[in-house]
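# Working through the structure, step by step
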Amino acid sequence: ARQQSAEQARRHKEASREPGMRWYNAVNLTFLPIMCVLYLTRGILRIYDGAKGLIYNYGQYYEYMPPWLNILKICTAVVFIICAVMAVKAMKDMKAMRRSGPQLYLGALALATAAEYVYDIAWYYVLLGPYVLGYYSVMPSIIGVIIFFVLNILYFRKRQDLLQ
């Protein structure tokens, strides 16, 4: 086991020096730790806020705040905590140069983005009703996220031969 981990460390060091591995290293050493902290913090705060909304029944004070929106907020919080765990596992797998690392990274990114957009659309629907799709101003950012996601997929497909 010790020889295998030494071999993995050697492979990682050699592979990370290759010119095309800068993005791989940036994702592993910068983006994934930030994602872990961000998703965990967002999950904990949303659970707190959603539970507080259910306990104090904000709907009686604000007619636009239905209870199902707080339940949705708690559900998205659980998704964010799952994404934080996926990011930790992705960081570990990418350090060991495993194929599952980039897949977990992309999965956490996609799942968290989808959860955020579902909650945002629900929130705008509560405020605006059926006019939400005409008003939803985040559509350009959805296009940006899709482009970012596709570029990441293409990058990691090119690097699959370096991963085990």
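Above this note sits the structure.
What counts and what doesn't
Within each chain, residue numbers correspond to sequence positions counted from 1 in written order. Per-residue local features are limited, in this predicted model, to residues with pLDDT of at least 70; the limit for side-chain atom pairs, both in listing and counting, is 80 or more; totals at the level of whole chains, interfaces and linings are taken over all residues. Heavy atoms throughout the structure, all of them, feed into the side-chain values; hydrogens and water do not. Between Lys or Arg on one side and Asp or Glu on the other, a salt bridge is scored when a side-chain nitrogen of the former is within 4 Å of a carboxyl oxygen of the latter. Every helix listed is a DSSP run of H or I at least four residues long, and every strand listed is a run of E at least two residues long, numbered separately from the N terminus. Buried means the residue's accessible area, taken with a 1.4 Å probe over protein chains only, is under 20% of the maximum for its type, while exposed means over 50%, and partly exposed covers the values in between. Residues grouped as a nonpolar core are buried Ala, Val, Leu, Ile, Met, Phe, Trp, Tyr and Cys residues, joined through side-chain atoms within 4.5 Å. A contact between two residues is defined here by any heavy atoms of the two lying within 4.5 Å.

Right, let's get into the pattern of salt bridges. Here the structure, examined in full by the defined rule, presents 5 salt bridges. Glutamate 116 serves as the salt-bridge partner of arginine 46, at 3.0 Å between the closest nitrogen and oxygen. Taken together, the residues arginine 46 in helix α2 (residues 22-55) and glutamate 116 in helix α4 (residues 100-128) connect sequence positions 70 residues apart. Each member of the pair, arginine 46 together with glutamate 116, is buried. A salt bridge links aspartate 93 to arginine 98; its shortest N-O distance comes to 3.1 Å. Classification of aspartate 93 by relative accessible area gives buried; the value is 1%. One connected set of salt bridges, linked through shared partners, spans Arg42, Arg46 and Glu116.

Positioned with a positive phi, methionine 97 is a non-glycine residue whose angle comes to about 60°. With a relative accessible area of 1%, methionine 97 lands in the buried category.

This part takes up the nonpolar core. In terms of nonpolar packing, the biggest core is built from 23 residues, with Tyr24, Leu32, Met35, Tyr39, Met94, Tyr105 and Phe156 touching the most fellow members. Counting only elements with at least two residues in this core, the list comes to α2, α3 (67-95), α4 and α6 (139-158). Broken down by element, the residue count for this core peaks at 7 residues, all from α3. Setting aside anything within four residues of it in sequence, one finds tyrosine 39 in contact with Phe80, Ile81, Cys83, Ala84, Ala108, Leu109 and Ala112. Of all hydrophobic cores here, the second largest spans 5 residues; its members include Met65, Leu69, Tyr119 and Val126.

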